[in-house]
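For reference, the chains in residue letters:
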Amino acid sequence: MDIKQNIILKFNAQLRADLKNLDGIYDFHEQLKTEKDEIEKSLSMASTTAPSKVKAVIENVEHVGCDVEQLQGISTDLTAKVEETLSENDKNLELQEVIDQIGQLDKTLSYLHFIQYIENISDEMETYLSSGDDESMITLYTNLTNISCQLQSSACHHLVSYTHETLHFWHNLIKKKFSKEYNDLLKMLKWPFCGGNVASLSAPSPEIMTRFRTLTKYLFHLQLPYPLTIYLEDMVKPVVTSVLLTDFAPVSLPINLLSRPLRQRFIYHFTGSKLTNRQDKPEWFFTQILTWIKDHVQWVQKNVQPVADSIDLGHLDTKAEFMRALVQLAVEKLHCELAVVQYDDTLFAHLVDEALGFERELRETLLYPQSEPTTVFVLTQAQIFLKWINMEKKYATEKMDAVLSSSTAWERVASPDLDDMKVTECADAFLTLLTAISDRYKHLPQPGHRLQFLELQLELIDDWRVRLLQLLHENYEDPLTSLMPNILNTLHYVTAVLEEWGMTVHFLQLHFFKKQAEAVESATDRGNDVSENIGEMEGTVFDEAVALLQRLEKELINEISDSVALDVKAKSRAYRTDKWFAMQSSKEIASLSVTPSGCPVFQELAARLHVLHNALALPLFHQAWKSLASQFDQFLLEEVVLVNHFNNGGGEQLQHDIVRNLFPLFGLYVNKPESYFPLIKEACVLLNILIGSAILLRETLSNNDKSASVEVLSDIGVYKMSPEVALKVLATRTDIICT
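Quantities reported herein were computed from a predicted structural model and do not represent experimental measurements. (Residues numbered from 1 in each chain as written. Predicted model: local features only at pLDDT ≥ 70, side-chain atom pairs only at ≥ 80, totals over all residues. Heavy atoms only, no water.)

Peer 1: Before we move on, can you summarise the nonpolar core with the specific residues and values?
Peer 2: The biggest cluster of nonpolar side chains holds 187 residues, and the ones touching the most others in it are Trp464, Leu654 and Leu662. For this core, the element with the most residues is helix α24 (residues 618-641), which contributes 12 residues. Here Leu662 is in contact with Phe602, Leu605, Phe632, Leu636, Asp657 and Phe677, once residues within four sequence places are set aside. (Core = buried A, V, L, I, M, F, W, Y, C linked by side-chain atoms within 4.5 Å. Buried < 20%, exposed > 50% of the residue type's maximum accessible area, 1.4 Å probe, protein only. Helix = DSSP H or I, 4+ residues; strand = E, 2+ residues; numbered from the N terminus. Contact = heavy atoms within 4.5 Å.)

Peer 1: Describe the domain arrangement of the protein, with residues and values.
Peer 2: By domain assignment, the protein separates into domain 1 (174-375), domain 2 (384-553) and domain 3 (573-738). Taken together, the contact pairs 14 residues of domain 1 with 10 residues of domain 2. When the two sides are added together, the surface that domain 1 and domain 2 hide from each other amounts to roughly 1100 Å², 64% of it contributed by carbon and sulfur. A per-residue breakdown of the area domain 1 buries against domain 2 is headed by Asp345, Phe348 and Leu356, which together make up 43% of the total. Remark: the boundary between domain 1 and domain 2 carries four salt bridges. (Domains from an automatic or database assignment. Buried area = accessible area lost by both parts, 1.4 Å probe. Salt bridge = Lys/Arg side-chain N within 4 Å of Asp/Glu carboxyl O.)

Peer 1: For a negative patch on the surface, give the residues involved together with the corresponding values.
Peer 2: On the surface, a cluster of negative charge is made up of Glu499, Glu500, Glu518, Glu521, Asp543 and Glu544. Elements supplying a minimum of two residues to the negative patch: α18 (484-502), α19 (505-526) and α21 (543-570). Note that Glu544 resides in helix α21. The exposure class of Glu544 is exposed, given its relative accessible area of 69%. (Patch = residues over 30% accessible without salt bridge, like charges linked within 9 Å, V, L, I, M, F, W, Y side chains within 5 Å. Areas by Shrake-Rupley, 256 points an atom, 1.4 Å probe, with all protein chains shown as cover. Lys, Arg positive; Asp, Glu negative; His and termini not counted. Charge placed at Lys NZ, Arg CZ, Asp CG, Glu CD.)

Peer 1: Describe the packing of helix α15 (residues 382-405) against helix α17 (residues 447-474), naming the residues involved and giving the relevant values.
Peer 2: Remark: α15 packs on α17, axes separated minimally by 11 Å, with the N-to-C direction vectors making an angle of 25 degrees. Judged by the angle between their axes, α15 and α17 are roughly parallel. Considering how the two elements wind past one another, α15 and α17 form a crossing that is right-handed. Side by side, α15 and α17 meet where Phe385, Trp388, Ile389, Glu392, Lys393, Ala396, Thr397, Met400, Asp401 and Leu404 of the first sit next to His449, Gln452, Phe453, Leu456, Glu459, Leu460, Asp463, Trp464, Arg467, Leu468 and Leu471 of the second. Its residues assigned to classes, the contact of α15 with α17 comprises 12 nonpolar, three polar and six charged. (Axes fitted to C-alpha atoms, helices over the stretch in contact; angles between N-to-C directions. Parallel < 35°, antiparallel > 145°, perpendicular 65-115°, else oblique. Left-handed = near helix turned anticlockwise from the far one by under 90°. Nonpolar A, V, L, I, M, F, W, Y, C, P; charged D, E, K, R; others polar.)

Peer 1: Give me the layout of surface pockets: which residues, what numbers.
Peer 2: Of the voids in this model, the second largest pocket is the one considered here, and its volume is about 350 Å³. Around the second largest pocket, the lining is made up of 19 residues, and of these Leu458, Lys514, Val541, Glu544 and Ala545 lie nearest the centre. Elements that contribute at least two residues to the lining of the second largest pocket include exactly α17, α19 and α21. Considering every element that reaches the lining of the second largest pocket, the biggest residue donor is α17, with six residues. Split into classes, the residues belonging to the lining of the second largest pocket amount to seven nonpolar, two polar and 10 charged. (1 Å grid on protein atoms, 1.4 Å probe; cavity = no way out; pocket = protein on both sides within 12 Å on 5 of 7 lines; lining within 4 Å. Points joined across faces, edges and corners; volume = space filled by probe spheres on them.)

Peer 1: Explain a nonpolar patch on the surface to me, and be specific about the residues and the numbers.
Peer 2: A cluster of nonpolar side chains, namely Ile3, Ile7, Phe11, Ile25 and Tyr26, defines an oily patch on the protein surface of about 520 Å² accessible area. Those elements giving two or more residues to the nonpolar patch turn out to be α1 (2-15) and α2 (24-43). With three residues, the top contributor of residues to the nonpolar patch is α1. In this fold, Ile3 is placed in helix α1.

Peer 1: Quick one: what's the story with the packing of aromatic side chains, residue by residue and with numbers?
Peer 2: Applying the stated criterion to the full structure yields 30 aromatic pairs. A ring pair is formed by Phe178 and Tyr218, whose centres lie 5.4 Å apart and whose planes are at 25 degrees; its orientation type is stacked. Residue Phe178 is located in helix α5 (residues 157-188), and its partner Tyr218 is located in helix α7 (residues 206-222); the two are separated by 40 residues in the primary sequence. Residue classification places Phe178 among the buried residues on the basis of a relative accessible area of 0%. Assessed through its relative accessible area of 5%, Tyr218 is described here as buried. Ring centres 6.0 Å apart and planes at 75 degrees place the aromatic pair Tyr575 and Phe602 in the edge-to-face group. Separated by 27 residues along the polypeptide, Tyr575 in helix α22 (residues 573-576) and Phe602 in helix α23 (residues 599-615) bring together distant segments of the chain. For the pair Tyr575 and Phe602, a shared accessibility class is recorded, and that class is buried. Among the aromatic residues, those joined into a cluster by ring pairs are Tyr182, Trp191, Phe193, Phe212, Trp299 and Phe322. (Phe/Tyr/Trp six-rings, centres within 6.5 Å; stacked < 30°, edge-to-face > 60°.)

Peer 1: Describe the pattern of salt bridges, listing the residues and the values that go with them.
Peer 2: Any two side chains of opposite charge can pair, given that their charged atoms come close. All told, the structure shown has 25 salt bridges when counted by the stated rule. Its salt-bridge partner being Asp345, residue Lys394 comes within 3.1 Å of it at the nearest N-O pair. Here Lys394, found in helix α15, pairs with Asp345, found in helix α13 (residues 345-365); they are 49 residues apart in sequence, far enough to count as distant. Lys394 sits in the partly exposed class, given a relative accessible area of 35%. Between Glu459 and Lys393 there is a salt bridge, with its nearest N and O atoms 2.8 Å apart. With Glu459 in helix α17 and Lys393 in helix α15, the pair connects residues that are 66 residues apart, well separated along the chain.

Peer 1: Which residues make up unusual backbone geometry, and what values go with them?
Peer 2: Outside of glycine, negative phi angles account for most residues, and trans bonds account for most peptide bonds. Look at the link from Trp191 to Pro192: it is a cis peptide, with omega at 0 degrees. Topologically, Pro192 is positioned in the loop between α5 and α6 (196-199). Even without a glycine there, the phi angle at Asp312 is positive, about 60 degrees. Along the chain, the position of Asp312 falls in the loop between α11 (305-310) and α12 (318-341). Here Asp312 falls in the exposed class, since its relative accessible area comes to 70%. At Leu367, a position not held by glycine, the phi torsion is positive, near 60 degrees. Among the structural elements, Leu367 can be located in the loop between α13 and α14 (376-379). Assessed through its relative accessible area of 61%, Leu367 is described here as exposed.

Peer 1: Requested: an account of the environment of Gln452, with residues and values cited.
Peer 2: Take Gln452: it is sitting in helix α17. With 63 residues separating them in the primary sequence, Gln452 and Ile389 have C-alpha atoms 8.2 Å apart. Apart from the residues within four sequence positions on either side, Gln452 is in contact with Phe385 and Ile389.

Peer 1: I'd like to hear about the environment of Leu215, residue by residue, with values.
Peer 2: Tracing the chain through its elements places Leu215 in helix α7. With a relative accessible area of 1%, Leu215 lands in the buried category. It is 9.9 Å that separates the C-alpha atoms of Leu215 and Val307, two residues lying 92 residues apart in sequence. Not counting chain neighbours up to four residues away, the residues in contact with Leu215 comprise Phe178, Glu181, Tyr182 and Leu185.

Peer 1: With reference to specific residues and values, describe helix α9 (residues 253-270).
Peer 2: The periodicity of an α-helix, 3.6 residues per turn, causes residues three or four places apart in sequence to face the same way. Given a rise of 1.5 Å per residue, 18 residues ought to cover 26 Å, and the 25 Å separating the end C-alpha atoms of α9 matches this to within 8%. Of all the bends in α9, the greatest, near 35 degrees, is centred on Arg260, and the proline Pro261 appears no more than four residues after it. The set of residues buried in α9 consists of Leu253, Pro254, Ile255, Leu257, Leu258, Ser259, Pro261, Leu262, Phe266 and Phe270. A positive phi of about 70 degrees marks Gly272, the residue just after α9. (Expected span 1.5 Å × (residues − 1). Bend = angle between axes of the 7 residues up to and from the residue.)

This is the structure:
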């Protein structure tokens, strides 16, 4: 249909739709005939006008056919080779199976040889055990131990189990043998050195000590490595009476045997119905353990540690191990006692005090390592710790009440070093209370526990400050004759001590931990990184408490100073209203003396200064008299100079009173008292300069040229007084008024 359609389309294109054009069909016929002839000509094999395309195609086909035949031959060869290779591989697979079987048999043989090796070691050890050759037996035991350690990671679980069980068997057997010999030897050495053994203690023979060191070495070798110890503990499943005892690492076998007689004595005396087992006397068992440690630890250090060092066990601290074995007894006993006495406040408080005293003696006197566990681990259990800190608060509050209500609370502590501070019994007792609390908790290993005690101390300091305020209100009368000076001295001394404490290592560490805790809490609330909230560690833990105490101290100093100033001012009425404008000059009398109306003022001032000096601590007295001097300086200027008029005699008399009477009163306590009275001193200068200079000075000051005024005042020795006040002082001179 496609060819027919193509022909139709070709005729239509040639003849078009015009029927009159059918004559063109002849031309179309000729065209087609010509094309036919051309095609036939091109297909003619005899044509010489152009190369035959058909011939080229045929040659190409023949070439391809040859290639196909060649490739078929290669393919046949490859197929034959592949079949041959596959046949050889089948033989290799069969051979591999044989090899695998041989390897499996070889492993099995090695397995059996290894078992035989273990059995041979075991047989040899049995022979040496029977013959008494301890050295060879221990050597084989050590080899067996090394083999067991090397097998720890092996996949042959049954072999590992067999080796471990064999090791365990020999460990128990040899341990039993050596332990008996060791205990017999210890009896010969009069170990332990307590009771009747102390009196009969004498130097042992060299043979006994040699055998002791040899057995100690064997026992050290008998000690199982840590992984094997864990494995054997899993097999035995020992019963632990308290989770606290898991903090105690097991001691080496020699130390275990050395501590066993002491453990037996401890159990005998401090359990059951023995008279020595009393809940109200925990100091008995604590003291007993400390005594045993003191009596034996040096001997252990001298005779056991060198043996450990000689067999490359220098990492073992036999002294610390011996102490740890005995401390464990105290921990067990303390744990049992606390379960009973925690419901009796008196017994509980006594037990805690004794436990902390035991801890302190161990750490500070006997140098028990900080990394080793001891009694504080028992006290920091959640329930016990809460009870402990509540008891601390209760007893501290009661002690504080007793101190403040004591009849001798405000008496001074007799101490040459503290005379200037005038320390009261109240201050000394309160600081002793805080020190006792610090001593009790400073050995706690966890910073969080120590911070809770620190918060208790800060709370007590604030409570103590409030109680002092209450006492002030209850005894309010004349400040100098009331409790105020004693309370001031107490405040000042406690503040000074707290500032010193804040810079000690103990409280600096607590300050660091406190800042870290606050940073973590802040970061948690805001969702920030903790490092972003930790700033520079400035200040101390007592900064807030000290600031409150110092503010109260400043208020009381001002109150005392104001009270003294009022008393002095009350005596000054006659002095303030004296006839300064009509007094005789030095030229008219033989010599100047104090103004009669000023005697009561200076007398009262001297008396009050003396009382202040005797009543206040030296640093507080310095603050008080400086405040008083400042007030009196201002008072003399405003109430004496500026409200009166002075002739030449009056100016000289005032200067004489100030220089010859006022300054010496303060000169008893400071080298240059005039520097604390700048206003009245300069006022006297202005009242006593020559009339001509005074007039010129007044004219200069009246020009309102500040720089010139300051300069001219400086020339005559006036530095503190302003030009305006200086002008007012000059205006009180009668000789200037008259001009």
